[in-house]
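Descriptive analysis of the structure
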Amino acid sequence: MTPRVLSIAGTDPSGGAGIQADLKTIGAFGGYGMAVVTALVAQNTEGVRSVHVPPPAFLAEQLDAVSDDVVIDAVKLGMLHSTPLIDIVVAWLERVRPPVVVLDPVMVATSGDRLLDAAAEAAIRRLCARVDLVTPNLPELAVLAGQPEATTWAAAVDQAQALAAATDTVVLLKGGHLAGATSADAVVTAEAVRPVEGRRVITTTTHGTGCSLSSAMATLRASGFSWFDALGHAKEWLTGAIEHGAALEVGRGNGPIDHFHHLREHVPHLRADVGSPTWTGRAWDDSAPVRDRVDACEFVRRLGDGTLEPERFAWYLAQDAVYLGEYAELLARAAALAGAPEEQAFWARGSVAAQEEEMRLHRAWVAGMPAAAPATRAYLDHLHAAHRHGYEVLIAALLPCSWLYADLGRRLVAQDRPAHPYGAWLRTYADPAFLDAAETARSIVDRVAEAASSDGRNAMTAAFAASMRHELAFFEAP
Ligand SMILES: Nc1ncnc2c1ncn2[C@@H]1O[C@H](COP(=O)(O)OP(=O)(O)OP(=O)(O)O)[C@@H](O)[C@H]1O
Ligand SMILES: Cc1ncc(COP(=O)(O)O)c(N)n1
């Protein structure tokens, strides 16, 4: 049976959160999605601009229009805005009694904007006792439990158990707001805590994760899964959706997640990565397992969160300085080999930039040039060998360096903060000019790959993949 799932929530015209995220999620889990709007929110990935609330009587009319006609298998409650709207929803729930009701007690958006009247917090607390599952994030849990916000998993679990006991309901505790390499959640009742582990993705595309998770839970529960099994399935999907969010390239703020990433993988022309039909897009996709290992490696994680020991960072920078010296030389060789004048100019500019700007950044930290470590030497030997194969293979081998760093910079810079010890490093690689240069390099490599013979393209593919593996080894070395 296809579960018929109703979202009662606010809107996000940019499509990442609220009702728009709910409908995508319900569809992604095979449900039939329906939506009743509580509030119209003028918002995007950067924040909320204004909120328009239609008269409460109109909310009642929308709810009745659905329930007078359609059998509802599950309800997901999101932004309820204020007490008059909550009262209408409570009266409707009493009358219709849908078998599954999940409450995402939305209070404040990721951007910090309030989505619930402070005066309505007590009404939300009362509503918790009338639903089957509540999915608060840590600040919301603190309000509902009447305690300061938890900063550890143990404190969060205590608050979730207190809420579950006080309301006699099940609590989905979300650990997204805690720091660490994992992002665990848990199904919590007064008697038991059942955690579900998850990888933490380094990214800024988390807009609407809470909305999407609660809709996934409502849909899976209506499909017959226990809360715990539902969370296992929802979390695996959500982690993938967060990972694929950046490739959607939607908005300048906290971008949305890719609700349909699992479908795109099977439908080549629907892939979110705009480069997928191109040579570089395929090479990038094929390198996903290596790039996942880069993201997961301790050095990269601790560089991002600032906990890396200064000595390890200094060692890495010294090796990077060694690398950049020869990398600049190889870019100059690419300029010499390029046929088209604009390609010659691009690689030459890159060579100068690599020599001047990046070396200047490194001189601030590195005293004296050490010898190349084995990982550095192996990477550079690979690039020199690629040069001996000619222009096509050389530029394919050079590409991962700028592309991988642009991709990492764009995502890691989300963790920049005023006293971040490696903030300057993060900002260098997140700089729009650096991203632009990586994009241009990519388009040149695509042009060259298109004109290459199939043997030439195969050699380019092997060179690109090998460079990615050397990048990983470089990050694993310190
Ligand atoms: N960077 C991340 N990597 C992996 N999972 C994450 C990440 N951030 C959040 N999550 C997961 O997303 C879900 C939502 O968690 P979070 O605690 O951020 O809730 P929220 O604040 O309500 O979300 P929202 O961003 O919609 O406001 C949880 O399953 C959490 O574990
Ligand atoms: C209508 C609506 N509902 C919920 C959220 C919370 O989502 P997020 O915290 O990811 O901004 C939102 N921004 N808008």
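Our subject is the structure that appears above.
Residues numbered from 1 in each chain as written. Chains lettered and ligands numbered in written order. Predicted model: local features only at pLDDT ≥ 70, side-chain atom pairs only at ≥ 80, totals over all residues. Heavy atoms only, no water.

Moving on: the overall build of the protein. What the protein contains, in helices and strands, is 19 helices and 10 strands. The proportion of buried residues among the 478 residues of the protein is 54%. Once local pairs closer than 6 in sequence are excluded, the contacts in the protein between residues at least 24 apart make up 70%. Only carbon and sulfur atoms are counted for the fraction: they give 55% of the accessible area of the protein, which is about 20,200 Å². (Helix = DSSP H or I, 4+ residues; strand = E, 2+ residues; numbered from the N terminus. Buried < 20%, exposed > 50% of the residue type's maximum accessible area, 1.4 Å probe, protein only. Contact = heavy atoms within 4.5 Å. Areas by Shrake-Rupley, 256 points an atom, 1.4 Å probe, with all protein chains shown as cover.)

The periodicity of an α-helix, 3.6 residues per turn, causes residues three or four places apart in sequence to face the same way. Turning to helix H11 (residues 288–296), its buried residues number three or more, namely Val 290, Arg 291, Val 294 and Asp 295. What you see down the axis of H11 is that its buried residues fit within an arc of 145°, all on one side. Its buried side turned inward, H11 meets helix H10 (279–286), helix H12 (298–305), helix H16 (391–412) and helix H19 (454–476). (Arc of directions from axis to C-beta.)

Here we have eight strands laid out as an open sheet, ordered E2-E1-E5-E6-E7-E8-E9-E10, and mixed in their pairing. Looking at strand neighbours, the two that pair on one side only are strand E2 (32–37) and strand E10 (193–196), the edges of this open sheet. Where strand E7 (residues 133–134) and strand E8 (residues 170–174) come together, two bridges link them in parallel fashion. Counterpart to Val 134 in the pairing with E8 is Val 171. In this fold helix H6 (residues 153–167) packs onto E8, strand E9 (185–188) and E10, with an angle of close to 160° to the strand it touches most, E8. (Pairing = 2+ DSSP bridges. Axes fitted to C-alpha atoms, helices over the stretch in contact; angles between N-to-C directions.)

Residues in contact with ligand 2 amount to 13 residues; listed here are only the nearest, Gly 10, Gln 43, Thr 110, His 207 and Gly 208. The side chain of His 207 places a nitrogen or oxygen atom 3.3 Å from an oxygen atom of ligand 2. For ligand 2, an oxygen atom lies 2.6 Å from a polar atom in the backbone of Gly 208. In isolation ligand 2 offers 350 Å² of accessible surface; the protein chains occlude 92% of this area. A breakdown of the residues in the shell around ligand 2 according to their chemical character gives six nonpolar, seven polar and no charged. (Near = heavy atom within 4 Å. Polar contact = N/O pair within 3.5 Å; in protein donor to acceptor, adjacent residues only side chain to side chain. Nonpolar A, V, L, I, M, F, W, Y, C, P; charged D, E, K, R; others polar.)

Here five bridges tie strand E3 (residues 40–44) to strand E4 (residues 47–52), and the two strands are oriented antiparallel to one another. Within E4, the position partnered with Leu 40 by the bridge is His 52.

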